[in-house]
Structure formats: structure tokens, C-alpha cells
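Geometric and topological summary
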Amino acid sequence: MKIEFLGHACFLLESSGYKLLVDPFLTGNKLAAKKADQLVVDYIFVTHGHDDHVGDAISIAKRTGATIVAVVEIVRHLFAPADVKTLAGNIGGRQKAPFGSFKFVPANHGSGVPGALSCGFVIEVEGKKIYHAGDTGLVSEMCFLADEQIDVALLPIGDYYTMGPQDAVKAVELIKPKCVIPMHYNTFPVINQNPHAFKEEVERRNLSRVVVLSPGQVLEL
Ligand code: NI
Ligand code: MN
């Protein structure tokens, strides 16, 4: 399978049969690698209700017939009124899907919708487990992700709104993924970071392999 970084917290996961998109903030992101209307996908995962994560979810879902996956209250307030296909769940829940499965996991961050929790996702595709942390600070619950045996962890390092590099290194220590891709940095001045310094620190401590992707670059598993 392939993981393509499209910029900010947006990733396209591509298996032989399915295309899964996470947090499609493309329109309005100068660093985005693709335009929203270039994408044809089957599922769109949205970690929370902030604009830099909901992004183009509705327009892509309307055009392609993709199913949007989010926590119950986000679905109810943002996506059900838009008349698109949705799947709702909540923290701790795992759901089977045609491509494998997905699980809603804790993130500590405002959700942008009253009563809704922000989440991360563990998405299983072709036997590989990808953890998208969403926006989050360092949370102790991340230690439970070690049991999931994560192949690739997508972790924010931007600081200011989420974990910064130092806390993200600690997150890697808890999660124990085989590989890490940093995200949610350099989109706006306040979240400017050097992802290579993060990579050096994680690898110096032998915690995981880190792959720094520029928008448009792909990691093949
Ligand atoms: Ni946010
Ligand atoms: Mn964000």
C-alpha cells in the first residue's frame, strides 16, 4: 500500500482496492500537493471539526460518493446536514470495513463542535496499521497503542496547537511504531518546525524510523 502526504494533516492511503483520505485540508493550504477536485476516494476520515481538518471533506464526498467517518456529534452537526454518506463512531470503538477496519482513539484537543470529542484513528488496510493522531497533545493513552503494533504513526510536531517535537518524541516512545511520519508543521508561521531535527532525535534514541515527507511524496509499505 501507499501513503501519500498531501500537506498539513492530510494523507491519502491507497491499497489495491481502496482509497482512504484523512483530514482533507487542501483548498486554502498553499502547501497542499493536490487540489480537492483531483481526488477520487472511497472514505474520508475527519479527526475533528476544525477547518484545517474538515477542509474539503464535504465537496469531495458529494462529488465522489465517498463515506465520511467521524465521531457521532461531528457527523450529526457537520456532515449529516450536508447530505453525504457517513459512518459515525466514538472513542474506543473499532468498526470493520471493506478495506479492513478502523478504530477511534483518544486525542486531547478541542473538537470545534460542542459536545464532540476530537479523535485519532487506527486504520487497518491490507494488514498494515496506520495511526493518524489528529490534533493532540501528548496523552498517556498513547501507551495503549503499543498493543496495536502500529506500522506507521502520523504525528503532529508543530507545537502551539498540538504536540511539539519534544512531546512527539515522547509519544513515539509510548506508541512504539515501526515508522513515523511527522505532520502538522510549517503550514502557518506559528507551527514552523524542523522535521529533520525531530527525525534525528527519534533515531538517535533508537525509538523508530522517521520518514519526512514533503507534500506530494509517497511512502510505500
Ligand atoms: Ni485542531
Ligand atoms: Mn489542526
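The text that follows walks through the structure, step by step, so that each part is easy to find. What you see is a predicted model, and the numbers here were worked out from it, not measured in a lab.

**Some details on the coordination of the nickel ion (ligand 1)**
Protein coordination of the nickel ion (ligand 1) is provided by His48 (NE2), His50 (ND1), His109 (NE2) and Asp135 (OD), with donor distances spanning 2.2 to 2.3 Å. Every donor counted, the 4 donor atoms about the nickel ion (ligand 1) form angles of 90 to 179 degrees at the centre, which fits irregular coordination. For the nickel ion (ligand 1), the single-chain donor residues occur in sequence as H-x1-H-x58-H-x25-D. In this structure, the nickel ion (ligand 1) lies 3.3 Å from the manganese ion (ligand 2), and both are coordinated by Asp135.

**Brief notes about the coordination of the manganese ion (ligand 2)**
For the manganese ion (ligand 2), the protein coordination sphere consists of Asp52 (OD), His53 (NE2), Asp135 (OD) and His184 (NE2), at 2.2 to 2.3 Å. Donor residues for the manganese ion (ligand 2) sit on one chain with the sequence pattern D-H-x81-D-x48-H. Of the residues examined, His53 reaches a relative accessible area of 0% and is grouped as buried. Owing to a relative accessible area of 2%, Asp135 belongs among the buried residues under this scheme.

**Topic: the sheet that holds strand β6 (residues 86–89)**
Read across the sheet, 7 strands follow the order β6-β5-β4-β3-β2-β1-β14 without closing on themselves; strand pairing throughout is mixed. Two strands in the sheet have a free side with no partner beyond their single neighbour: β6 and β14 (218–220). In this sheet, neighbouring strand axes are inclined to one another by 20 degrees on average, regardless of whether the strands run parallel or antiparallel. As paired strands, strand β2 (residues 10–14) and strand β3 (residues 19–22) are joined by 4 bridges and run antiparallel to one another. When the sheet's bridge partners are listed, Phe11 is paired in β3 with Val22. Here helix α3 (residues 72–79) sits on the sheet and contacts β5 (67–71) and β6; the angle it forms with β5, its principal contact strand, is near 125 degrees.

**What to know about the packing of aromatic side chains**
One pair of aromatic rings is described through two measures. These are the centre distance and the angle between the planes. All chains considered together, the criterion is met by 10 aromatic pairs. Both rings, one in Tyr18 and one in Phe99, keep their centres 6.3 Å apart while their planes meet at 65 degrees; by these two values the pair is edge-to-face. Here Tyr18, found in the loop between β2 and β3, pairs with Phe99, found in the loop between β7 (94–97) and β8 (100–106); they are 81 residues apart in sequence, far enough to count as distant. With relative accessibility at 27%, the residue Tyr18 sits in the partly exposed group. Each ring, one from Phe104 and one from Phe121, has its centre 5.1 Å from the other, and the planes form 55 degrees; the classification is tilted. With Phe104 in strand β8 and Phe121 in strand β9 (residues 119–125), the pair connects residues that are 17 residues apart, well separated along the chain.

**Re helix α2 (residues 57–64)**
Of all the positions in α2, only Ala57, Ile60 and Ala61 are classed as buried. What you see down the axis of α2 is that its buried residues fit within an arc of 100 degrees, all on one side. Phi turns positive one or two residues past the end of α2, at Gly65, with a value near 80 degrees.

**A few points about the pattern of salt bridges**
Any two side chains of opposite charge can pair if their charged atoms end up close together. Counting across every chain of the model gives 10 salt bridges. Between Glu148 and Arg94 there is a salt bridge; the shortest N-O distance is 2.5 Å. In this pair, Glu148 sits in the loop between β10 (128–132) and β11 (152–156) while Arg94 sits in strand β7, placing the two residues 54 residues apart along the sequence. Overall, Arg94 belongs to the partly exposed group, its relative accessible area being 42%. The salt bridge involving Asp151 is made with Lys178; its shortest N-O contact spans 3.0 Å. Of the two residues, Asp151 is situated in the loop between β10 and β11 and Lys178 in the loop between α4 (165–175) and β12 (179–183); the sequence distance between them amounts to 27 residues. Classification of Asp151 by relative accessible area gives buried; the value is 11%. We classify Lys178 as exposed; its relative accessible area is 56%.

Here is what the cut-offs are and how they apply
- Residues numbered from 1 in each chain as written.
- Chains lettered and ligands numbered in written order.
- Predicted model: local features only at pLDDT ≥ 70, side-chain atom pairs only at ≥ 80, totals over all residues.
- Heavy atoms only, no water.
- Donors = N, O, S within 2.8 Å, 3.2 Å for Na, K, Ca; no water.
- Tetrahedral: all angles 85-135°; square planar, octahedral: opposite > 155°, others 65-115°.
- Buried < 20%, exposed > 50% of the residue type's maximum accessible area, 1.4 Å probe, protein only.
- Pairing = 2+ DSSP bridges.
- Helix = DSSP H or I, 4+ residues; strand = E, 2+ residues; numbered from the N terminus.
- Axes fitted to C-alpha atoms, helices over the stretch in contact; angles between N-to-C directions.
- Contact = heavy atoms within 4.5 Å.
- Phe/Tyr/Trp six-rings, centres within 6.5 Å; stacked < 30°, edge-to-face > 60°.
- Arc of directions from axis to C-beta.
- Salt bridge = Lys/Arg side-chain N within 4 Å of Asp/Glu carboxyl O.

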